[in-house]
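# Structural characterization, general
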Amino acid sequence: MSGLISPYLTLGAILFCIGLYGALSKRNAIIILLSIELMLNGVNLNLVAFSKLGINPSLTGQVFSLFAITVAAAEAAIGVAILIMLYRNRGTSNVDEMNSMRH
């Protein structure tokens, strides 16, 4: 049974690592938000894989994944709204230039 779950876990780990690299290395705020969403999708894939193919299958992982998708949608909506306001005020989406707390 564990041979069936390893491709899902590998894909989830790859998605998470790509998202982590994008969140830590990029300077564009939109790319950072997309990278965070990619990390959340990697975690959701692992939750569903363990829920369906784990040692003790149950719906718990799928329910947690559904809640995580709901929180991610709310986070994306609020994040994009904040980015639009910062872009209107500052004229850029570069996170290095968004230092309104320093002035």
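One can find the structure itself at the top, above this paragraph.
These notes cover the structure that comes with them. (Residues numbered from 1 in each chain as written. Predicted model: local features only at pLDDT ≥ 70, side-chain atom pairs only at ≥ 80, totals over all residues. Heavy atoms only, no water.)

## Structural notes on the environment of G91
This is how the line gets drawn: Where helices and strands are cited, they refer to DSSP runs of H or I of at least four residues and of E of at least two residues respectively, numbered from the N terminus. Whether a residue is buried, partly exposed or exposed follows from its accessible area with a 1.4 Å probe, protein chains only, as a fraction of its type maximum: under 20%, in between, or over 50%, in that order.
Along the chain, the position of G91 falls in the segment after α3 (60–90). Judged by its relative accessible area of 48%, G91 falls in the partly exposed class. Linking G91 and V80, residues 11 residues apart in sequence, is a C-alpha distance of 15 Å.

## Considerations on the pattern of salt bridges
Any two side chains of opposite charge can pair, on the condition that their charged atoms come close. Put simply, the rule is: A side-chain nitrogen of Lys or Arg and a carboxyl oxygen of Asp or Glu constitute a salt bridge if their distance falls within 4 Å.
One pass over the full model with this rule turns up 1 salt bridge. Residue R27 pairs with D96 through a salt bridge whose shortest N-O separation is 3.3 Å. Of the two residues, R27 is situated in the loop between α1 (2–25) and α2 (29–53) and D96 in the segment after α3; the sequence distance between them amounts to 69 residues.

## Remarks on the packing of α2 against α3
Worth spelling out the cut-off: Structural elements are reduced to axes, namely lines fitted to C-alpha atoms, with helices fitted over the stretch in contact, and the angle between N-to-C directions of any two is expressed from 0 to 180 degrees. Any angle that falls under 35 degrees is termed roughly parallel, while one over 145 is termed roughly antiparallel, one within 65 to 115 roughly perpendicular, and all others oblique. Residues were grouped as follows: Ala, Val, Leu, Ile, Met, Phe, Trp, Tyr, Cys and Pro as nonpolar; Asp, Glu, Lys and Arg as charged; and all remaining residues, including Gly, as polar.
Put simply, α2 and α3 touch, their axes get as near as 8 Å, and they point 175 degrees apart. With respect to their mutual orientation, α2 and α3 come out roughly antiparallel. Broken down by class, the residue content of the contact of α2 with α3 amounts to 14 nonpolar, 7 polar and 3 charged.

## Quick notes on α2
Think of an α-helix as turning once every 3.6 residues; residues three or four places apart then point the same way. Inclusion rule: Each residue after the first adds 1.5 Å to the expected span of a helix.
Between the first and last C-alpha of α2 there are 36 Å, a value that for 25 residues agrees with the 36 Å anticipated at 1.5 Å per step. Within the span of α2, buried status applies to A29, I32, L33, S35, E37, M39, G42, N44, A49, S51 and L53.

## Let's talk about the side chain of S35
Selection rule: Only heavy atoms enter the contact rule, under which two residues are in contact if any of them lie within 4.5 Å.
Summarising the element assignment, S35 is placed in helix α2. Residue S35 is classed as buried on the basis of its relative accessible area of 8%. Excluding its chain neighbours within four sequence positions, the residues that come into contact with S35 are G19, G22 and A23.

## Focus: a nonpolar patch on the surface
Put simply, the test is: Patch building starts from residues that exceed 30% relative accessible area and form no salt bridge, then joins like charges within 9 Å and nonpolar side chains (Val, Leu, Ile, Met, Phe, Trp, Tyr) within 5 Å. What sets the accessible areas is the Shrake-Rupley method with a 1.4 Å probe; for residues, cover comes only from the shown protein chains.
Together, F16, L20, L24 and V43 make up a nonpolar patch on the protein surface, roughly 340 Å² of accessible area in all. As for its position among the elements, L24 is in helix α1.

Just distances and angles here, no functional claims.
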